[in-house]
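Spelled out from the first residue to the last, the chains are:
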Amino acid sequence: MRIPQIAAGAFIVSALAVAPSFIKPVDAFAQRTKTSQRAGEQRKAETGLKDNRYFFYFIDSSISNLGTDEEKKLFREAIQRDILAQLLYMKFHFKESYGEIRKAQRILIDLYGKTLARDIGIAGGLLNEFAPRVIELEDSRARGYLHLGYRDMTSARTARMIGDNITEKLYSMRLYQYVRAIKLAKHARRYAFLSQIEISTPRAERRPVNNYGFAEIEERLSKMGPDDKRERYLLIHWDNYYRSRGPRSFYDEIWDNPALQELEDYKEYFSRKEYGTED
């Protein structure tokens, strides 16, 4: 049976009128999906930059005071990549920004591992150096400090092992675990110094540990041991309290002159129009 011409024409017109109602939601869905992905990339980059700020500030004194040339080279590149990530973020290139954040954190994992190994080694060296004299004098409070120092050093090793075994790609989680381990190692070094201060202080002048401030510990360490050891003790003491002994920290020096052109990625990004620079 044939459909009348008028009826058929009306059917076609009705179909064309309804069609956009089916097409538009598809376009809207695609647009919403793209916007959602972009928002997700922005959140990841924002969180990564915030984490990096803490990671840099936390380790800055360790690299400034005790870092080797190799460690400073790693720290420099990590800072440069973080600065590049901030530039990309400000230009709304969130995906690329997060990529640079990840590169910076991968470098920091290597750097934190080296720093942690050194801090644990220094803690063990100080405790073993001071232990014979403390045991010889049979000073109970000094021995108590040694005990706390060895306890924290052992805890630092355990925390390091946990960090080493966290899934490799969970960069931020691994770094926060290394932060915990470094804090414990620094606590162990503080207790080592307190044990030495305790046995070198007349009993009538001794006070609870919490009554020794940064400046007083520094003053007492400045009178302890031969000149070469004394200077090292003071450097470690400053690092124990996350302070840079020099006039400016290494982190501040890099920020003053980041020299981003040293990075091939920087040259690649900012030679293209979509990143805000003409060819």
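For clarity, every value in this text was computed on a predicted model and none was experimentally measured.

### So, helix α3 (residues 94–137)
- Taking 1.5 Å of rise per residue, the 44 residues of α3 would be expected to cover 64 Å, and the 62 Å separating its terminal C-alpha atoms lies within 8% of that figure.
- By the largest-angle criterion, alanine 131 marks the main kink of α3, which is about 35°, and a proline, proline 132, follows within four residues.
- Residue glutamate 138 follows α3 closely and has a positive phi angle near 55°.

### Quick look at the packing of α3 against helix α4 (residues 140–164)
- Close contact between α3 and α4 brings their axes to 10 Å; oriented N to C, the two are set at 155°. The angle between the axes of α3 and α4 places the two elements in the roughly antiparallel class. At the point where α3 passes α4, the crossing takes the left-handed sense. In this structure, α3 uses Gly113, Leu116, Ala117, Ile120, Ala123, Gly124, Leu127, Asn128, Ala131 and Val134 to contact α4, whose residues at the interface are Ala142, Arg143, Leu146, Gly149, Tyr150, Met153, Ala156, Arg157 and Arg160.
- Grouping the amino acids of the contact of α3 with α4 by side-chain chemistry returns 12 nonpolar, four polar and three charged.

### Quick word on the packing of aromatic side chains
- One pass over the full model with this rule turns up 20 aromatic pairs.
- Ring centres of phenylalanine 58 and tyrosine 112 lie 6.3 Å apart, and the angle between their planes is 15°; on these two criteria the pair is classed as stacked. Of the two residues, phenylalanine 58 sits in helix α1 (residues 5–66) while tyrosine 112 sits in helix α3, which places them 54 residues apart along the sequence. Tyrosine 112 matches phenylalanine 58 in its accessibility class, with the two residues each being buried.
- Look at phenylalanine 92 and phenylalanine 94: their rings are 6.1 Å apart centre to centre, the planes differ by 90°, and that puts the pair in the edge-to-face class.
- Using a relative accessible area of 52% as the deciding quantity, one classes phenylalanine 92 as exposed.
- Classification of phenylalanine 94 by relative accessible area gives buried; the value is 5%.
- An aromatic cluster of at least three residues, connected via ring pairs, comprises Tyr54, Phe55, Phe58, Tyr112, Tyr176 and Tyr242.
- In this structure, arginine 190 is placed above the aromatic ring of tyrosine 241, and the distance from its NZ or CZ to the ring centre is 4.0 Å.
- The ring of phenylalanine 214 is capped by arginine 243, whose NZ or CZ atom sits 3.9 Å from the centre of that ring.

### Things to note about the pattern of salt bridges
- Following the criterion strictly, the structure yields 21 salt bridges and no others.
- With its nearest N and O atoms 2.8 Å apart, the salt bridge here joins arginine 189 to aspartate 239. In this pair, arginine 189 sits in helix α5 (residues 171–199) while aspartate 239 sits in helix α7 (residues 227–240), placing the two residues 50 residues apart along the sequence. Across this residue pair, the class does not change: arginine 189 and aspartate 239 are buried.

### Let's talk about the confidence of the model for the protein chain
- Taken residue by residue, the protein chain gives an average pLDDT of 85. The fraction at 70 or more is 81%.
- The low-confidence segment residues 1–24 (pLDDT under 50) makes two contacts with residues lying over four places distant or belonging to another chain.

Conventions adopted
- Residues numbered from 1 in each chain as written.
- Predicted model: local features only at pLDDT ≥ 70, side-chain atom pairs only at ≥ 80, totals over all residues.
- Heavy atoms only, no water.
- Helix = DSSP H or I, 4+ residues; strand = E, 2+ residues; numbered from the N terminus.
- Expected span 1.5 Å × (residues − 1).
- Bend = angle between axes of the 7 residues up to and from the residue.
- Axes fitted to C-alpha atoms, helices over the stretch in contact; angles between N-to-C directions.
- Parallel < 35°, antiparallel > 145°, perpendicular 65-115°, else oblique.
- Left-handed = near helix turned anticlockwise from the far one by under 90°.
- Contact = heavy atoms within 4.5 Å.
- Nonpolar A, V, L, I, M, F, W, Y, C, P; charged D, E, K, R; others polar.
- Phe/Tyr/Trp six-rings, centres within 6.5 Å; stacked < 30°, edge-to-face > 60°.
- Buried < 20%, exposed > 50% of the residue type's maximum accessible area, 1.4 Å probe, protein only.
- Lys NZ or Arg CZ within 6 Å of the ring centre and 35° of its normal.
- Salt bridge = Lys/Arg side-chain N within 4 Å of Asp/Glu carboxyl O.
- pLDDT = per-residue confidence, 0-100.

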